[in-house]
Amino acid sequence: THEVLVLNGFYHSYIKHGELPQGVILCGLNEASVRYPDLFSKHYGQYAETSTDGLVALNTLLAQDGIFIYVPDNTRVEKPIQIINLCYSQKNLRITNRNLIIAGDNASLKLVACDHTLSNQSFLNNSLTEIHTGRNTQVSCDWLQNENNLSAHISHMFINQLSDSKFSSTIVSLKGGLIRNNFYAVQKGSNAETNLN
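This text gives an overview of the structure that appears in the document.

Criteria and cut-off values
- Residues numbered from 1 in each chain as written.
- Predicted model: local features only at pLDDT ≥ 70, side-chain atom pairs only at ≥ 80, totals over all residues.
- Heavy atoms only, no water.
- Helix = DSSP H or I, 4+ residues; strand = E, 2+ residues; numbered from the N terminus.
- Buried < 20%, exposed > 50% of the residue type's maximum accessible area, 1.4 Å probe, protein only.
- Polar contact = N/O pair within 3.5 Å; in protein donor to acceptor, adjacent residues only side chain to side chain.
- Contact = heavy atoms within 4.5 Å.
- Core = buried A, V, L, I, M, F, W, Y, C linked by side-chain atoms within 4.5 Å.
- Pairing = 2+ DSSP bridges.
- Axes fitted to C-alpha atoms, helices over the stretch in contact; angles between N-to-C directions.
- Phe/Tyr/Trp six-rings, centres within 6.5 Å; stacked < 30°, edge-to-face > 60°.
- Salt bridge = Lys/Arg side-chain N within 4 Å of Asp/Glu carboxyl O.

A few words on the side chain of asparagine 99. With respect to the element layout, asparagine 99 can be found in strand β6 (residues 93-103). Accessibility expressed as a relative area gives 3% for asparagine 99, which makes it buried. Polar contacts involving the side chain of asparagine 99 include one to the main-chain amide nitrogen of isoleucine 67, which spans 2.9 Å. Sequence-distant contacts of asparagine 99, that is, excluding residues within four places in its chain, are made with Gly66, Ile67, Leu128, Thr129, Glu130 and Trp143.

What follows concerns the side chain of asparagine 8. Note that asparagine 8 resides in the loop between β1 (2-7) and β2 (10-15). On the accessibility criterion, asparagine 8 (18% relative accessible area) is buried. Here the side chain of asparagine 8 touches tyrosine 88 through a polar contact of 2.8 Å, landing on its backbone oxygen. For asparagine 8, the contacting residues outside a window of four places in its chain are Leu86, Cys87, Tyr88, Leu93, Ile95 and Phe123.

The next point concerns the nonpolar core. When a protein is soluble and globular, its nonpolar side chains tend to lie buried together. Counting 25 residues, the largest nonpolar core has Ile69, Ile81 and Leu109 as the members making the most contacts within it. If you list the elements that add at least two residues to this core, you get β1, β4 (67-71), β5 (81-87), β6, β7 (108-117), β9 (138-146), β10 (152-161) and β11 (166-175). With residues near it in sequence (within four places) discarded, leucine 109 still touches Ile69, Val71, Val77, Ile81, Ile101, Gln138, Val139 and Ser140. Counting 8 residues, the second-largest nonpolar core is a separate cluster that includes Ile25, Phe68, Leu100 and Ile102.

Sheets are built from strands paired through backbone hydrogen bonds, the pairs being either parallel or antiparallel. Taken together, 6 strands build an open sheet; the order of strands is β3-β4-β6-β8-β10-β12 and the sheet is mixed. At either margin of the open sheet sits one strand with a lone partner, and together these are β3 (25-28) and β12 (178-187). Taking the axes of each pair of neighbouring strands and ignoring which way they run, one obtains an average angle of 10° across the sheet. Note that β6 and strand β8 (residues 123-133) share 11 bridges and pair parallel. Note that in β8 the partner of threonine 96 across the bridge is asparagine 126.

This brings us to the packing of aromatic side chains. For the coordinates displayed, the defined rule picks out 3 aromatic pairs. Ring centres 4.7 Å apart and planes at 15° place the aromatic pair phenylalanine 40 and tyrosine 44 in the stacked group. Overall, the relative accessible area of 13% leaves phenylalanine 40 in the buried class. The class of tyrosine 44 is partly exposed, set by a relative accessible area of 22%. Measuring from centroid to centroid gives 4.4 Å for phenylalanine 158 and tyrosine 184, while their planes differ by 10°, and the two rings are stacked. With phenylalanine 158 in strand β10 and tyrosine 184 in strand β12, the pair connects residues that are 26 residues apart, well separated along the chain.

Turning our eyes to something else, we now look at the environment of serine 33. Tracing the backbone shows serine 33 in helix α1 (residues 29-35). Of the residues examined, serine 33 reaches a relative accessible area of 29% and is grouped as partly exposed. Along the sequence, serine 33 and threonine 1 sit 32 residues apart, while their C-alpha atoms lie 25 Å from each other.

For the structure shown, the criterion picks out 5 salt bridges. Of the charged contacts in the structure, one is a salt bridge between arginine 180 and aspartate 53, with a shortest N-O distance of 3.1 Å. Of this pair, arginine 180 sits in strand β12 while aspartate 53 sits in the loop between α2 (37-43) and α3 (54-62), and the two are 127 residues apart along the sequence. Of the charged contacts, one joins glutamate 130 and arginine 98 as a salt bridge, the two residues approaching to 3.3 Å between their closest N and O atoms. Highlighted residues: glutamate 130 in strand β8 and arginine 98 in strand β6, separated in sequence by 32 residues.

Written out as structure tokens, the structure is:
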């Protein structure tokens, strides 16, 4: 996999294992808002509906960083991109992170994400991911949650699908004090397929 490390909700580093296809952007959300403002503003906050849940509105208000991934039209990312979310602190911590993933038309992307706590503190994590899949595009996002029993993790995933796109996601929750996973999938075209496990 291509590995991306997120520490306490902030983009930390990208560990390359081969080159990403030309035109693919992988960086922190803050960096993307500065370096790619047109692309960022076109999609950021367009799919997460703040009126559905107060925690979604709170994330929109307080999110400081996260992951930004852009796959241009007609581009296939062969190796999965692995997002490693680590929580580490010597005191109790609230984490609010946000991810934005954009896959253009006729594109393909596989994501694998894992959440881990590295210290025995109380973590409250309010995370939100917006995913846009273009026409005839395939995106999969598999998530493994393995956090300590003092942690509370509320995640929101908003998926925006155009026609003939396919999105699949599997979340496996192994450990954690309180876990809530919310999915909101909108199919904005014919023959779109969504699989949530």
